[in-house]
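What follows is the residue order along each chain.
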Amino acid sequence: MSYRILAVAACAFMAHPFAFMFAQSGETKAEKFPNPPKDYDKKRDGIERGKLETVEYDSATVGAKRKARVYTPPGYSKDTKYPVLYLLHGIGGDENEWARSGAPDVILENLYTDKKAMPMIVVLPNGRASKDLTARDPIPKQSPAFAAFEKELLTDLIPFIEKTYSVKADRESRAIAGLSMGGGQSLNFGLGNLDTFAWVGGFSSAPNTKRPADLIKDHAEASKKLKLLYVACGDKDGLFRISEGVHKMLDENKVPHEYRVIPGGGHDFKVWKSDLYHFAQLVFRESASKKKGTEE
Ligand code: FER
């Protein structure tokens, strides 16, 4: 090793004594969750497309009609019953954020074409349960609406989806995942409602995530019921400690999970699109739980 590399490495070590640990674990995890292949998020010519539509549902929780986007897979048919992924946006987003910046339809269509994901319906809600609040309102004003979305999701949106679309309506056919603020919601709502969701993902989860000690009531029960718990964050993300804390709690309590540290990953859609790419290949697949059992 040259003097120059040694000097840089020594400086880096002095600046961040733990960076080496992260770099190491980042390397191992990178093999399990490599960067997606080139063009995984680019439209391919000549493949079947799904349909992304906007729906309105009655929210008894807020006393108003509310919008969501719904993505049905290529060849969607009433003769098939599909599992459903509820995919949540970040603090500045709404029901359009994933479609605008995350290419979920393209990522899934490419995976379907390569037979790497189960056909599923993806529901993209607006995760602020409110009649009139928008992403432009002050965050403290919005926070209660982000928390209130748990009740609206369970009592208004899920029932609407299950009566409107051809879906499998059981816990093993429902997943919840989201980015940042929506990652916090996914961990809070998913782990708090294991009779509703068996597949849970937090992508770069934000400080609205409950304290690790408060996330899971009964760790043995959660271990049994979860088919997949995916916790991921970039190691350059200012919110890294949140996911790290959740991972530590899960390890301490022996709750099987996938922990993905994205080397060099920031708080952005480059990371979240790659999370969707990986999460989509695990969710609703029996092999995910088998793999989960053999982890670590
Ligand atoms: C915070 C920092 C970031 C916070 C939320 C976020 C609730 C969310 C960021 C995002 O959704 O991108 O302190 O508190």
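Reading the values: rules and limits
Residues numbered from 1 in each chain as written. Predicted model: local features only at pLDDT ≥ 70, side-chain atom pairs only at ≥ 80, totals over all residues. Heavy atoms only, no water. Helix = DSSP H or I, 4+ residues; strand = E, 2+ residues; numbered from the N terminus. Buried < 20%, exposed > 50% of the residue type's maximum accessible area, 1.4 Å probe, protein only. Contact = heavy atoms within 4.5 Å. Areas by Shrake-Rupley, 256 points an atom, 1.4 Å probe, with all protein chains shown as cover. Polar contact = N/O pair within 3.5 Å; in protein donor to acceptor, adjacent residues only side chain to side chain. Pairing = 2+ DSSP bridges. Axes fitted to C-alpha atoms, helices over the stretch in contact; angles between N-to-C directions. Near = heavy atom within 4 Å. Nonpolar A, V, L, I, M, F, W, Y, C, P; charged D, E, K, R; others polar. Phe/Tyr/Trp six-rings, centres within 6.5 Å; stacked < 30°, edge-to-face > 60°. Expected span 1.5 Å × (residues − 1). Core = buried A, V, L, I, M, F, W, Y, C linked by side-chain atoms within 4.5 Å. Salt bridge = Lys/Arg side-chain N within 4 Å of Asp/Glu carboxyl O. Parallel < 35°, antiparallel > 145°, perpendicular 65-115°, else oblique. Left-handed = near helix turned anticlockwise from the far one by under 90°.

> Can you walk me through the overall build of the protein chain in this structure?
Across its full length, the protein chain holds 11 helices and eight strands. Counting every position in the protein chain, which comprises 296 residues, the buried fraction comes to 52%. Nonlocal contacts in the protein chain, meaning residues at least 24 apart in sequence, comprise 76% of its contacts between residues at least 6 apart. Carbon and sulfur atoms form 55% of the exposed surface of the protein chain, whose accessible area is close to 14,000 Å².

> Quick question: what am I supposed to make of the side chain of Ser130 here?
Position of Ser130 relative to the elements: it lies in the loop between β4 (121-125) and α5 (139-164). A distance of 3.1 Å separates the side chain of Ser130 from the backbone nitrogen of Asp132, its partner in a polar contact. Within the local environment of Ser130, its side chain forms a polar contact with the backbone nitrogen of Leu133, the two atoms lying 2.9 Å apart. The contact partners of Ser130, leaving out residues within four places of it in the chain, are Val62, Arg66 and Ala145.

> I would appreciate a short explanation of the sheet that holds strand β7 (residues 228-234) in the present structure.
Backbone hydrogen bonds are what pair the strands of a sheet, in a parallel or an antiparallel way. If you walk across this open sheet you meet the eight strands as β1-β2-β4-β3-β5-β6-β7-β8, and the pairing is mixed. Edge positions in the open sheet fall to β1 (51-59) and β8 (258-262), since each of these has one partner strand only. Averaged over all pairs of adjacent strands, the angle between their axes in this sheet comes to 20°, without regard to strand direction. In this sheet, strand β5 (residues 174-179) lies alongside strand β3 (residues 84-88) in parallel orientation, the contact comprising five bridges. Bridge pairing links Leu85 to Ala175 in β5. Set on the sheet, α5 makes contact with β1, β2 (64-72), β3, β4 and β5; between it and β1 the angle comes to about 120°.

> Could you clarify how one ought to interpret the site of the ligand in this entry?
Looking at the ligand, the residues that line it are Gly90, Ile91, Ser180, Met181, Ala206, Pro207 and His267. Ile91 is positioned with one of its backbone polar atoms (N or O) 2.7 Å from an oxygen atom of the ligand. Note that an oxygen atom of the ligand is positioned 3.0 Å from one of the backbone N or O atoms of Met181. If the ligand stood free it would expose 370 Å²; the protein chains cover 65% of that surface. A per-class count over the shell around the ligand returns four nonpolar, three polar and no charged.

> Looking at this structure, I do not really get the packing of aromatic side chains. What am I missing?
In this description, an aromatic ring pair is defined by two values, namely the gap between the centres and the angle between the planes. Per the stated rule, a full pass over the model turns up 14 aromatic pairs. Each ring, one from Trp199 and one from Phe284, has its centre 5.7 Å from the other, and the planes form 65°; the classification is edge-to-face. With Trp199 in strand β6 (residues 199-203) and Phe284 in the loop between α10 (269-282) and α11 (286-293), this pair connects stretches of sequence that are 85 residues apart.

> Mind showing me how you'd approach α10 here?
For an α-helix, 3.6 residues make a turn, and residues three or four places apart therefore share a direction. Under the 1.5 Å per step criterion, the end-to-end length of α10 is 20 Å for 14 residues, consistent within 8% with the ideal 20 Å. For α10, the N-terminal capping position is held by Asp268, with its side-chain oxygen 3.2 Å away from the main-chain nitrogen of Lys270. Following α10 by one or two positions, Phe284 has its phi on the positive side, about 65°.

> Help me understand helix α4 (residues 104-113) in this model?
Burial analysis of α4 places eight of its 10 residues in the buried class, which makes it a mostly covered element. Those residues of α4 that are buried are in contact with β2, α3 (97-101), β4 and α10.

> Please clarify how the nonpolar core should be interpreted in this entry.
A general tendency of soluble globular proteins is for nonpolar side chains to be buried together. Counting 42 residues, the largest nonpolar core has Tyr86, Leu153, Leu157, Ile161 and Leu229 as its most contacted members. The element that contributes the greatest number of residues to this core is α5, accounting for six residues. The next biggest cluster of nonpolar side chains, apart from the first, holds 34 residues, and it includes Trp199, Leu276, Tyr277 and Ala280.

> Any chance you could explain the environment of Leu228 here in plain terms?
Looking at the element boundaries, Leu228 is found in strand β7. Here the alpha-carbon distance between Leu228 and His257, two residues 29 residues apart in the chain, equals 6.5 Å.

> What exactly am I supposed to notice about the pattern of salt bridges here?
Think of it this way: side chains of opposite charge can pair up when their charged atoms draw near. Per the stated rule, a full pass over the model turns up 20 salt bridges. Its salt-bridge partner being Asp41, residue Lys273 comes within 2.7 Å of it at the nearest N-O pair. One end of the pair, Lys273, is in helix α10; the other, Asp41, is in the loop between α2 (19-32) and β1, with 232 residues separating them in the sequence. Look at Asp41 and you get buried, because its relative accessible area is 15%. Note that Lys225 is salt-bridged to Asp195, the shortest N-O span being 2.6 Å. Residue Lys225 is found in helix α8 (residues 219-225), and its partner Asp195 is found in the loop between α6 (181-192) and β6; the two are separated by 30 residues along the sequence.

> So what exactly am I meant to see when it comes to the packing of α5 against α6 here?
Between two packed helices, the angle of one axis relative to the other and the distance separating the axes together describe the packing. Running from N to C, α5 and α6 point in directions that differ by 50°, and their axes come no closer than 10 Å. For the element pair α5 / α6, the angle class is oblique. For the pair α5 and α6, the crossing hand works out as right-handed. Counting all contacts with α5, which are made through Phe146, Ala147, Phe149, Glu150 and Leu153, the residues of α6 involved are Met181, Gln185 and Phe189. Here the contact of α5 with α6 is composed, by residue class, of six nonpolar, one polar and one charged.

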